[in-house]
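Spelled out from the first residue to the last, the chains are:
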Amino acid sequence: MEKPQHELYEYARKRIKQKKRVYFHFILFFVSSIFFYIINKLLEVDPQDDWYLWAITAWAFVFVLHFIKVFVTESFINKTWEREQIEKLVARQERRIGELEKKFEKENPTSTPI
């Protein structure tokens, strides 16, 4: 497999793994939420306090953050974006090096370029 094709394959594999983990996280969250409710209300573990709501709310917040990371952030800050940013930075560095070389040659006309 050629390098660019291999990179695309590895990126796709990584994305599938991330999405799979989000789906598993959701299933675990859903089942656990039902379990928390059953423990609190039906098994009457501290039934006067609705602690299951706090647990579900906290876990929902964590799940939403996980979802945003995978489906929102990763969708536009991906390999293509990363590659473009690297190319911009390299171009800026090369431009700066060129400017420094010109400045050096202007200040030292008898010396040879490095």
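Relevant structure appears above.
Structure report, in brief. Since this is a predicted model, take the numbers as computed values, not measurements.

## What about the overall build of the chain?
Thinking step 1. Helix and strand counts for the chain come out as three helices and zero strands.
Thinking step 2. N-terminal to C-terminal, the α/β element order of the chain is α-α-α.
Thinking step 3. Rg of the C-alpha trace for the chain: 27 Å, well past the compact-globule value of 13 Å for 114 residues, more than 25% over.
Thinking step 4. Judged by the C-alpha coordinates and their principal axes, the chain covers about 90 × 40 × 15 Å.
Thinking step 5. Counting across all 114 residues of the chain, residues that qualify as buried make up 14%.
Thinking step 6. Of the contacts made within the chain by residues no fewer than 6 positions apart, 57% connect residues no fewer than 24 positions apart.
Thinking step 7. As displayed, the chain offers around 9700 Å² of accessible surface, 66% of which is attributable to carbon and sulfur atoms.
Thinking step 8. Placing the 19 positive and 16 negative side-chain charges of the chain at their respective mean positions leaves the two points 4 Å apart.

## Regarding the packing of aromatic side chains
Thinking step 1. Under the criterion given, the structure shown has 10 aromatic pairs.
Thinking step 2. Measuring from ring centre to ring centre gives 6.2 Å for tyrosine 23 and phenylalanine 71, while their planes differ by 40°; the resulting arrangement is tilted. Here the residue tyrosine 23 occupies a position in helix H1 (residues 3–42), and phenylalanine 71 occupies one in helix H2 (residues 51–76), the gap between them amounting to 48 residues.
Thinking step 3. Relative accessible area serves as the criterion here: at 23%, phenylalanine 71 is assigned to the partly exposed category.
Thinking step 4. An angle of 40° between the planes, with centres 6.3 Å apart, marks the rings of phenylalanine 63 and phenylalanine 67 as tilted. On the criterion of helical spacing, the pair formed by phenylalanine 63 and phenylalanine 67 is a turn pair, its members being four residues apart in helix H2.
Thinking step 5. A network of ring pairs unites the aromatic residues Tyr23, Phe26, Phe29, Phe30, Phe36, Trp51, Trp59, Phe63, Phe67 and Phe71 as a single cluster.

Definitions and cut-offs
- Residues numbered from 1 in each chain as written.
- Predicted model: local features only at pLDDT ≥ 70, side-chain atom pairs only at ≥ 80, totals over all residues.
- Heavy atoms only, no water.
- Helix = DSSP H or I, 4+ residues; strand = E, 2+ residues; numbered from the N terminus.
- Rg over C-alpha atoms; globule rule 2.2 N^0.38 Å.
- Buried < 20%, exposed > 50% of the residue type's maximum accessible area, 1.4 Å probe, protein only.
- Contact = heavy atoms within 4.5 Å.
- Areas by Shrake-Rupley, 256 points an atom, 1.4 Å probe, with all protein chains shown as cover.
- Lys, Arg positive; Asp, Glu negative; His and termini not counted.
- Charge placed at Lys NZ, Arg CZ, Asp CG, Glu CD.
- Phe/Tyr/Trp six-rings, centres within 6.5 Å; stacked < 30°, edge-to-face > 60°.

Coordinates in, geometry out; function isn't part of it.
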